[in-house]
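Structural features, examined
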Amino acid sequence: MYVSIINIGDELLIGQVVNTNASNMSRMLIAAGMDVREVVTIADDAAAIRSNLERSLSHSDVVLITGGLGPTKDDITKTTLCDFFHSHLVENAEALANIQRIFDEKGFPLTDVNRQQSWVPECCTMVNNVLGTAPGMWFEHEGKVVVSLPGVPFEMINLMETEIVPRLQAYFKTDYILNKNILVQGIGESFLSDRIEHWELALPKTIRLAYLPQAGMVKLRLTARGTDKNLLQNQIDEAVKGLYPLAGEFIVGEDLESLPELVAYRMKKAHKTLATAESCTGGTIASKLTALAGASDYFKGGVVSYTNEVKNGVLGVKSATLEHHTAVSEETVREMAEGARRVLGADYAIATTGIAGPSGATPTQPVGTVWIAVASEKETIAICKCFGSDRLRTIERAANESYSLLIKQLTKEV
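**So, the overall build of the protein**
A count of helices and strands for the protein gives 16 helices and 17 strands. A principal-axis box enclosing the C-alpha atoms of the protein has dimensions of 80 × 55 × 40 Å. Intrachain contacts of the protein at a sequence separation of at least 6 include 66% that bridge at least 24 residues. Carbon and sulfur atoms form 52% of the exposed surface of the protein, whose accessible area is close to 19,500 Å². Looking at charge distribution, the protein has the averaged site of its 39 positive side-chain charges lying 6 Å from that of its 50 negative ones.

Encoded structure:
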């Protein structure tokens with residue numbers, strides 16, 4: 001089953017709005033067992049909508065369209081689809097009732113322009129959008145399906161999850177798809193590929209392997225597809241078992257999408273708490289953790305100690321340490337981690353200090369040098385890495401390296 005995605009909007013083409021709809025739709029479709037063949041972004045133009053719809057229908061079973069369903073004159077998707085399917089607009093009572101409910105809740109009068117949003121092509125099945133005033137529209141055409149959805153991301157996501165994906169699965173009777181994530185850290189993608197080449201070539205034809213590199217780590221995703229769910233699960237389990245003898249020393253976790261998620265899972269499971277003291281990473285480590293729901297279960301707080309005054313006055317880094325060893329040193333990062341653990345009352349603490357660049361390099365410490373420490377009741381460990389001259393990449397890689405160091409310490413102690 002092949003799917004084409006057409007995202008409509010001038011604002012997407014000029015870069016005014018980031019097209020998150022494409023990535024979110026693809027993720028949901030692939031997880032549901034559908035193959036995304038293409039993603040196309042086009043202008044609010046009737047000719048462009050028609051030509052891309054015709055082309056997509058020539059090679060895909062499903063075409064999903066977002067955008068152009070608002071109440072203003074530049075929103076032309078609905079009328080263009082009406083012409084394409086040789087239909088005419090009719091008022092849909094359920095859609096009108098939904099729009100009226102939304103306006104009543106906001107205390108606004110329902111205008112004629114907004115009432116027109118309840119008009120849909122007579123040939124379509126209206127898909128009620130409980131979060132907005134623009135309904136979705138489902139068309140069936142010569143055994144294929146075209147779906148038009150609002151471009152507002154949270155409205156689209158809700159419709160996809162609750163209505164469209166379940167309807168497509170029922171309509172096309174899709175295969176089972178099982179995914180397995182393996183998080184690998186401490187080895188580059190090419191070196192990892194060489195190490196596991198024979199294992200990869202021996203995978204069953206039902207399993208596909210993807211390398212998904214991130215800053216400082218690689219996520220391996222095994223995707224199994226077929227009609228027998230139990231067989232697929234057994235094949236994935238066997239494949240993972242065979243991977244560990246080859247790359248087990250670099251595997252830091254399974255089943256999660258990122259290292260911050262793995263940290264959250266491991267900290268909660270161990271019933272331990274965490275604090276951070278960040279200099280060069282500027283709060284990135286704490287930010288990624290607190291972006292995840294439930295962070296308050298384990299995360300105590302963080303200190304962005306960007307200056308020596310804060311390192312000394314808040315975290316208790318000794319003046320002599322800063323003077324004799326400088327802010328970017330093993331001695332300083334150890335005292336930062338220990339200070340954060342003490343001041344914030346946490347079981348573990350992460351600390352970072354370094355030279356993110358582009359300036360600040362010394363003869364012995366190039367741009368990208370970062371010291372990372374993890375402190376616990378038992379010990380404080382510290383490592384030094386050089387992540388290169390790109391400032392944002394250095395910060396991202398330092399954060400991932402910090403999560404990995406914490407996970408390794410947890411594994412050793414808990």
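Next comes the rest of the account.
**So, the pattern of salt bridges**
Applying the stated criterion across every chain yields a total of 15 salt bridges. The shortest N-O distance in the salt bridge between arginine 115 and glutamate 91 comes to 2.9 Å. Taken as a pair, arginine 115 in helix α6 (residues 112-115) and glutamate 91 in strand β4 (residues 89-91) lie far apart in primary sequence, 24 residues in all. Given the relative accessible area of 35%, arginine 115 is considered partly exposed.

**Observations concerning the sheet that holds strand β12 (residues 251-254)**
Sheet strands pair by backbone hydrogen bonding; their relative direction is either parallel or antiparallel. The strand order β10-β11-β9-β12 describes an open sheet built from four strands, whose pairing is antiparallel. On the outer flanks of this sheet lie β10 (207-214) and β12, each paired with one strand and no other. Geometrically, the sheet is characterised by an average inter-axis angle of 20° between neighbouring strands, direction not taken into account. The pairing of β10 with strand β11 (residues 217-226) spans eight bridges and is antiparallel. If you follow leucine 212 over to β11, its bridge partner there is lysine 219. Those strands touched by helix α16 (residues 391-413) are β9 (176-185), β11 and β12, and its axis lies near 90° from that of β9.

**Some thoughts on the sheet that holds strand β2 (residues 35-42)**
What the six strands build is an open sheet, ordered β2-β1-β3-β8-β7-β6; its pairing is mixed. Looking at the sheet topology across the chains shown, the edges are occupied by β2 and β6 (125-127). Neighbour-to-neighbour, the strand axes of the sheet open up by a mean angle of 20°, direction not taken into account. Pairing of strand β1 (residues 2-8) with β2, which is carried by seven bridges, proceeds in the parallel orientation. The residue of β2 that forms the bridge with asparagine 7 is threonine 41.

**Considering the environment of leucine 96**
By the element assignment, leucine 96 lies in helix α5 (residues 93-106). Here leucine 96 falls in the buried class, since its relative accessible area comes to 15%. Measuring from C-alpha to C-alpha, the distance between leucine 96 and glutamine 116 comes to 8.6 Å, with 20 residues separating the pair along the chain. Dropping the residues within four chain positions of it, leucine 96 is found in contact with Glu91, Leu110, Arg115 and Ser118.

**Things to note about the environment of alanine 337**
Inspection of the secondary structure puts alanine 337 in helix α15 (residues 330-344). Setting aside chain neighbours within four positions, we find alanine 337 in contact with Ala349, Ala351, Ala373 and Ala375.

**Notes on a nonpolar patch on the surface**
A cluster of nonpolar side chains, Val130, Leu131, Val152 and Phe154, forms an exposed patch at the surface whose accessible area comes to about 330 Å². Within the element layout of this structure, valine 130 appears in the loop between β6 and β7 (136-141).

**So, the packing of aromatic side chains**
Inspection of the entire model under this criterion finds four aromatic pairs. Measuring from centroid to centroid gives 5.0 Å for phenylalanine 84 and phenylalanine 85, while their planes differ by 80°, and the two rings are edge-to-face. We classify phenylalanine 84 as buried; its relative accessible area is 11%. Here the aromatic rings of tryptophan 138 and tyrosine 171 are separated by 6.2 Å at their centres, their planes lie at 70°, and the arrangement is edge-to-face. With tryptophan 138 in strand β7 and tyrosine 171 in helix α7 (residues 153-172), the pair connects residues that are 33 residues apart, well separated along the chain. Accessibility expressed as a relative area gives 5% for tryptophan 138, which makes it buried. Among the residues examined, tyrosine 171 registers a relative accessible area of 32% and is labelled partly exposed.

**Quick word on the nonpolar core**
Counting 32 residues, the largest nonpolar core has Leu259, Val263, Met267, Leu274, Leu289, Tyr298 and Leu406 as its most contacted members. Of all elements in the fold, only α11 (259-270), α12 (284-290), β15 (348-354), β16 (369-375) and α16 reach the threshold of two or more residues within this core. Among the elements that make up this core, the one with the highest residue count is α16 (seven residues). Once you skip the residues sitting within four places of it in the chain, leucine 406 turns out to touch Val263, Met267, Leu274, Tyr348, Ile350 and Val374.

**Quick look at the packing of α11 against α16**
Following both chains from N to C, one finds α11 and α16 inclined at 25°, their axes separated by 10 Å at the closest point. If you check the angle between α11 and α16, you find them roughly parallel. Once α11 is placed against α16, the crossing between them reads as left-handed. In this structure, α11 uses Leu259, Pro260, Leu262, Val263, Arg266, Met267 and Ala270 to contact α16, whose residues at the interface are Asn400, Tyr403, Leu406, Ile407, Leu410 and Thr411. Across the contact of α11 with α16, the residue classes tally to ten nonpolar, two polar and one charged.

Conventions and cut-offs
Residues numbered from 1 in each chain as written. Predicted model: local features only at pLDDT ≥ 70, side-chain atom pairs only at ≥ 80, totals over all residues. Heavy atoms only, no water. Helix = DSSP H or I, 4+ residues; strand = E, 2+ residues; numbered from the N terminus. Contact = heavy atoms within 4.5 Å. Areas by Shrake-Rupley, 256 points an atom, 1.4 Å probe, with all protein chains shown as cover. Lys, Arg positive; Asp, Glu negative; His and termini not counted. Charge placed at Lys NZ, Arg CZ, Asp CG, Glu CD. Salt bridge = Lys/Arg side-chain N within 4 Å of Asp/Glu carboxyl O. Buried < 20%, exposed > 50% of the residue type's maximum accessible area, 1.4 Å probe, protein only. Pairing = 2+ DSSP bridges. Axes fitted to C-alpha atoms, helices over the stretch in contact; angles between N-to-C directions. Patch = residues over 30% accessible without salt bridge, like charges linked within 9 Å, V, L, I, M, F, W, Y side chains within 5 Å. Phe/Tyr/Trp six-rings, centres within 6.5 Å; stacked < 30°, edge-to-face > 60°. Core = buried A, V, L, I, M, F, W, Y, C linked by side-chain atoms within 4.5 Å. Parallel < 35°, antiparallel > 145°, perpendicular 65-115°, else oblique. Left-handed = near helix turned anticlockwise from the far one by under 90°. Nonpolar A, V, L, I, M, F, W, Y, C, P; charged D, E, K, R; others polar.

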